[in-house]
Amino acid sequence: MIFGYVLIGISIIGALFFYWASLQGLTAPVYFVAILTTWYFVTGVGVIWLKKWGYYLFKFFLFLLFLSFPIGTFISYKTLSYMKKNNIREYFFKAS
C-alpha cells in the first residue's frame, strides 16, 4: 500500500512541477506529462484499492523500472521478489 501512496504523491508532484516549469517558460511535451502523471495516479489508486488492474499496472511499472539501472533495478528486483515470496497476488485477487 505504501507504494500506492508513493505513486500518487509522485503524480501530484510531477503535475505541480510541470505547472511550475511552464510558468518559468520551460516547455515539455504536454501529452507525455499528462499520460505519465495519469498512469502513476491510476496505478497508485489501483494498488491502494487492491484491484486486479492495479496489480497488473504495478507489475508493469516494476518491469519498466528494471531499465533504470542501478537504483531502479534494485528497487524493482526487491519489490518483485517480495511480491512473489509473500504471494501478494492473492491479496489483489481476493479483494476484487
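Worth saying up front: this structure is predicted, and the values here are computed from it rather than measured.

Cut-off values and rules
- Residues numbered from 1 in each chain as written.
- Predicted model: local features only at pLDDT ≥ 70, side-chain atom pairs only at ≥ 80, totals over all residues.
- Heavy atoms only, no water.
- Helix = DSSP H or I, 4+ residues; strand = E, 2+ residues; numbered from the N terminus.
- Expected span 1.5 Å × (residues − 1).
- Buried < 20%, exposed > 50% of the residue type's maximum accessible area, 1.4 Å probe, protein only.
- Axes fitted to C-alpha atoms, helices over the stretch in contact; angles between N-to-C directions.
- Parallel < 35°, antiparallel > 145°, perpendicular 65-115°, else oblique.
- Left-handed = near helix turned anticlockwise from the far one by under 90°.
- Contact = heavy atoms within 4.5 Å.
- Nonpolar A, V, L, I, M, F, W, Y, C, P; charged D, E, K, R; others polar.
- Patch = residues over 30% accessible without salt bridge, like charges linked within 9 Å, V, L, I, M, F, W, Y side chains within 5 Å.
- Areas by Shrake-Rupley, 256 points an atom, 1.4 Å probe, with all protein chains shown as cover.
- Salt bridge = Lys/Arg side-chain N within 4 Å of Asp/Glu carboxyl O.

Some words on helix 2 (residues 30-48)
Right, so step 1: Look at helix 2: 27 Å from first C-alpha to last across 19 residues, which is about the 27 Å you get at 1.5 Å a residue.
Right, so step 2: Listed in full, the buried residues belonging to helix 2 are Val 33, Thr 37, Trp 39, Tyr 40, Thr 43, Gly 44, Val 45, Gly 46, Val 47 and Ile 48.
Right, so step 3: Count one or two residues on from helix 2 and you reach Leu 50, which has phi positive near 55°.

A word on unusual backbone geometry
Right, so step 1: At the junction of Phe 69 and Pro 70, the peptide bond is cis and its omega measures out at 0° in the coordinates.
Right, so step 2: Mapping Pro 70 onto the fold places it in the loop between helix 3 (52-65) and helix 4 (71-85).
Right, so step 3: In this structure, Leu 50 takes a positive phi of about 55° despite not being glycine.
Right, so step 4: By the element assignment, Leu 50 lies in the loop between helix 2 and helix 3.
Right, so step 5: Overall, the relative accessible area of 26% leaves Leu 50 in the partly exposed class.
Right, so step 6: With a phi close to 50°, Asn 87 is a non-glycine residue in the positive phi region.
Right, so step 7: Inspection of the secondary structure assignment puts Asn 87 in the loop between helix 4 and helix 5 (89-95).

A word on the packing of helix 1 (residues 2-23) against helix 2
Right, so step 1: Put simply, helix 1 and helix 2 touch, their axes get as near as 7 Å, and they point 160° apart. When the interaxial angle is binned, helix 1 and helix 2 end up roughly antiparallel. For the pair helix 1 and helix 2, the crossing hand works out as left-handed. Between helix 1 and helix 2, the residues in contact are Gly 4, Tyr 5, Leu 7, Ile 8, Ile 10, Ser 11, Gly 14, Ala 15 and Phe 18 and Val 30, Val 33, Thr 37, Tyr 40, Phe 41, Thr 43, Gly 44, Val 45, Val 47 and Ile 48, respectively.
Right, so step 2: Looking at side-chain class alone, the contact of helix 1 with helix 2 contains 13 nonpolar, six polar and no charged residues.

With respect to a nonpolar patch on the surface
Right, so step 1: A surface patch of nonpolar side chains, about 400 Å² in accessible area, is lined by Phe 3, Ile 71, Phe 74 and Ile 75.
Right, so step 2: A total of three residues in the nonpolar patch trace back to one element, the largest contributor, which is helix 4.
Right, so step 3: Inspection of the secondary structure assignment puts Phe 74 in helix 4.
Right, so step 4: By relative accessible area, which is 54% here, Phe 74 ends up exposed.

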